[in-house]
Amino acid sequence: MSTTSGATGPVVRAGGDFQEPPRTPGGVALCGACRERGTCRLGVERERLDEDGVARFALTCPRDQEGGPDVAHGGWTAAVLDDCLGHLPLLHRVLSVTAELTVSFVKPVPVGRPLEVSARVERREGSRWYITGEMVLLPTRAVLARASGIWVTRDQGHFARHADWLAEQDER
Ligand SMILES: CCCCCCCCCCCCCCCC(=O)SCCNC(=O)CCNC(=O)[C@H](O)C(C)(C)COP(=O)(O)OP(=O)(O)OC[C@H]1O[C@@H](n2cnc3c(N)ncnc32)[C@H](O)[C@@H]1OP(=O)(O)O
C-alpha cells in the first residue's frame, strides 16, 4: 500500500484496501485521481445497492465533457458506464477489472441534466461477472444508453504484478 498527500490529506492509493475505497458523502467509491479532489470527475453524485440487487447511480454529465452542442462526448458515456457497472462487484466487496465492455448509444446524452445509471449482475461464471446496465434521463426514464460487459475478479496482487510487468517493459 502506498500513500500520497492530497488536498484532503493522505490518500490511500490503489494497491491498498480495494474492497473499501474512500467514498463521497453520496456513497460514490472514488478511483485513484478522484480521491484527491473528493468528488467523481465523471459527475456521479450518489451510489447505492438496492435490495433487488440493482445498483443505482445519480449523475449529471459535467459541462467539460461536452462533445456535440449540449450533449456528452461518447467517451464520457462509455467511461461512466464502465465505472458504474464496475462498482457493482465492489459493492459486494470484490475487486474486479473490466475485461470487455459494449456500449449502445441510444440517444445523445444532454449535459447538465439529471440522469440515472442502473447496473445488475446477469450471471457469474468462475471469476467472470457478466453485468448489464443502462442510462436514463430523469424524470421521464427515457433510455439514453445501454451497456454490457465482463468484469474479472482480481486478488490484491493485481496492481503489484502490473508494476512488475511494466518495469520489465522498461528494461527492454
Ligand atoms: C479498477 C479497480 C480499482 C480498485 C480501487 C478501488 C477504486 C474504486 C472504484 C473503482 C471502480 C472502477 C470501475 C471501472 C473498472 C475499470 O475500468 S478496470 C480498468 C480497465 N481494465 C483493465 O485495466 C483490465 C486490463 N486487463 C487485464 O488486467 C487482464 O487482461 C485481465 C482482464 C485481468 C485478464 O487477465 P488474464 O491474465 O487473462 O487472466 P486469467 O487469469 O488468464 O483469466 C481470468 C479470467 O478472465 C477471463 N478473461 C480474460 N480476458 C477476458 C476477456 N477479454 N473477456 C472475457 N473473459 C476474459 C478468463 O476466461 C478467466 O476466466 P475464469 O476461467 O477464471 O472464469
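Computed from a predicted structure; not experimentally measured.

Rules and cut-offs
- Residues numbered from 1 in each chain as written.
- Predicted model: local features only at pLDDT ≥ 70, side-chain atom pairs only at ≥ 80, totals over all residues.
- Heavy atoms only, no water.
- Helix = DSSP H or I, 4+ residues; strand = E, 2+ residues; numbered from the N terminus.
- Contact = heavy atoms within 4.5 Å.
- Pairing = 2+ DSSP bridges.
- Axes fitted to C-alpha atoms, helices over the stretch in contact; angles between N-to-C directions.

S.K.: Is there a simple way to think about the side chain of serine 96 in this case?
M.R.: If you trace the backbone, serine 96 turns up in strand E5 (residues 96–105). Look past the residues within four positions of serine 96 in its chain and what remains in contact with it is Gly86, Pro89, Trp151, Val152, Thr153 and Arg154.

S.K.: Help me understand the environment of leucine 88 in this model?
M.R.: Inspection of the secondary structure puts leucine 88 in helix H2 (residues 74–91). Sequence separation between leucine 88 and glycine 38 is 50 residues; the distance between their C-alpha atoms is 20 Å. Contact partners of leucine 88, with chain neighbours within four places excluded, come to Leu49, Gly53, Ala55, Ala119, Arg120, Val121 and Ile131.

S.K.: So what exactly am I meant to see when it comes to the pairing of strand E8 (residues 142–153) here?
M.R.: As a general feature of sheets, a regular strand has side chains that alternate between the two faces. Bridge count between E5 and E8: 9 bridges; the pairing is antiparallel. By the bridge assignment for E8, glutamate 100 is matched with isoleucine 150. Pairing geometry for strand E7 (residues 128–137) and E8, over 10 bridges, is antiparallel. When the bridges of E8 are listed, valine 136 appears paired with valine 143. In textbook terms, the turn of a hairpin is the stretch between consecutive antiparallel strands, and for E7 and E8 this stretch comprises 4 residues, one of which, arginine 141, has a positive phi near 65 degrees.

S.K.: What am I meant to see in the sheet that holds E7 here?
M.R.: Remark on secondary structure: sheet strands pair via backbone hydrogen bonds, oriented parallel or antiparallel. Taken in spatial order, the 6 strands of this open sheet run E3-E4-E6-E7-E8-E5, and their pairing is antiparallel. With one partner strand each, in any of the chains shown, strand E3 (44–49) and E5 form the two edges of the open sheet. Going across the sheet, the axis of each strand differs from the next one's by a mean of 20 degrees, ignoring polarity. Sheet topology note: the E3/strand E4 (residues 55–60) ladder contains 5 bridges and is antiparallel. Paired with arginine 48 across the strands is arginine 56, a residue of E4.

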